[in-house]
Structure formats: structure tokens, C-alpha cells
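Chains, contacts and geometry: an overview
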Amino acid sequence: MVLDKNGELVSQKARDMKEMLCSKGDEEIDYVAKELEKLCAKKDKIFEAYKKSKRTPNFYGFHSFLDPGCLINPTGQFRDNVRYFLQQCAELEEYTVEGMQIWSTFLVHKNRGVVTPLYTIEENVKNNDNRSFCDHCRCAGWTHHFVSKRKYHMIIPADCEWNQHLNDGVFDDQTHILHGLIHCNGFGHLICINGKEGGSKFLCGREVMDLWDRICTNFRAR
């Protein structure tokens, strides 16, 4: 989603820009303006979908999200803290990935004027026997360990996928801006970070890493 500095969608600005550029008579610029208008129309459809489903998305500041004492301050073990987070700061999506539930949280990056989706996917081993053992734990030398019944994936997709549903290959995609995995016992793995160096137009690796640090600290991951 693209926002202006006041947090409003830029659809009208796109139309104004289109009229201004088209007055120059340049066909290539006209094409770019039309594409920009289409892009903004897609952003509006997201909010319309939320209205129809009677769901009101909550927005949080990207750089202050899960700061100490901000929003929630869970004091239990990770498995309790992450569920409390999902209840308080996330919305359950109306679709699933491989039968697994998805929650979404929207983070506003004021400096860039964008809203970033942060998805949380609960993976239940009972529903997916192929993932009973964690490949990342195996690489760490824990091959013989049956790690946990549940694990949680925290994912920010690539910029171009922010307005799309996640697909069934989401766990193996290496283009995510952020993909972290935490088992319900609190042990986890940072699978990938791709900031501007990895192709993102809006987020740099340092601020994504800071977000991951806050997530792990607030949830009391080990």
C-alpha cells in the first residue's frame, strides 16, 4: 500500500499526475501514468475487501513496533506470548497456506510512505508430517530432535507481493524481505533478510534486522 505523509491513499494524486503528464503528449509518459493509476486502484481494493468482511486493519509504526512497553508487554513463555500477540496485534486472514492459518499485521514506514504487511503463519506438525523435523535444526546438528508440535513463521514478502495472497511455496521462497521461524519452545532461526541490497525499494536490511530483534525480545524467544 502506498500512502502520502498524512497517511492517505494517493489515488487522487495519481489521477492528477496522469492529467499533468498526458498534457505533454508523450505516449510513454501516458502509459506510465496509467500504470500508476492502476496500482493505486489495487490499494483501494484492499481496503474495500476489509470493509466488506467487517474487518478493520490496525496499523503500527514500523520503527516503534514492539518496542519495550509498546502495545503489549507479555511476560510468559514464547508459546503464550506469540498467541497473545496474534490476539492483540494481528488479523486472521480469510485464506490459508497449505491448510495453515495466516495472521496479518500492517506496519507503517512514515519516511518511505508505505505500509508493510507482516504475516504470521502457524505451522502445526500434525497437519504436515513432511515437516516433522526442522531442516534448519538439522543443519545445526540437531538431526535426531523432534523439535516441537508448532512453529511460527514471521514473513514480510518482497515489495511486489505486498498486495497479493501468500502461496503454497511461501516457506521456500528466498526473496522475502524477512523470514524468521520460531518453534513453540522459543528456539528459532532467521532464515533470510533481503533489504535494499536484496532488491527491496523501501526497506534496508538494518531496519528489518532491528524489527526482528524487537520481535524476538518481546516474544521472549531464546
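Structure's up top.
Starting from 1, residues in each chain are numbered consecutively following that chain's sequence as written. Given that the model is predicted, a residue must reach a pLDDT of at least 70 before its local features are reported, and side-chain atom pairs must reach 80 or more before they are shown or counted; all residues, however, enter totals for whole chains, interfaces and linings. Each side-chain value is derived from all of the structure's non-hydrogen atoms; neither hydrogens nor water enter the calculation.

**Topic: the overall build of the protein**
- Segments assigned H or I by DSSP are reported as helices when at least four residues long, segments assigned E as strands when at least two residues long, and all are numbered from the N terminus. A count of helices and strands for the protein gives 5 helices and 7 strands.
- Burial status follows relative accessibility: with a 1.4 Å probe on protein chains alone, a residue under 20% of its type maximum counts as buried, one over 50% as exposed, and anything between as partly exposed. Counting all 222 residues of the protein, 45% fall into the buried class.
- The contact definition used throughout considers only heavy atoms, calling two residues in contact when any of these lie within 4.5 Å. Once local pairs closer than 6 in sequence are excluded, the contacts in the protein between residues at least 24 apart make up 59%.

**With respect to the pattern of salt bridges**
- Criterion for a salt bridge: a side-chain nitrogen of Lys or Arg within 4 Å of a carboxyl oxygen of Asp or Glu. Under the counting rule described, the total for this entry stands at 4 salt bridges.
- The partner of R214 in a salt bridge is D67, with the nearest N and O atoms 3.8 Å apart. Of this pair, R214 sits in helix α5 (residues 205-219) while D67 sits in the loop between β1 (59-61) and α3 (78-89), and the two are 147 residues apart along the sequence.
- Note that D210 and R206 form a salt bridge whose closest N and O atoms lie 3.9 Å from each other. You can see D210 and its partner R206 sitting in helix α5, 4 residues apart, about one turn around the helix.
- Because the salt bridges share partners, they merge into one network encompassing R83, E122 and R150.

**Focus: the environment of Y152**
- Within the secondary structure layout, Y152 lies in strand β5 (residues 150-156).
- For the pair formed by Y152 and Y119, sequence separation is 33 residues and the distance between their alpha carbons is 9.9 Å.
- Ignoring any residue separated from it by four or fewer positions in sequence, one finds Y152 in contact with F78, V82, R83, L86, T120, I121, E122, G180, L181 and I182.
- Engagement of the side chain of Y152 in a polar contact is seen with the side chain of R83, the distance being 3.5 Å. Residues adjacent in sequence count toward polar contacts only when both atoms are side-chain atoms; beyond that, a polar contact is any pair of N or O atoms within 3.5 Å, and within protein one must be able to donate a hydrogen and the other to accept it.

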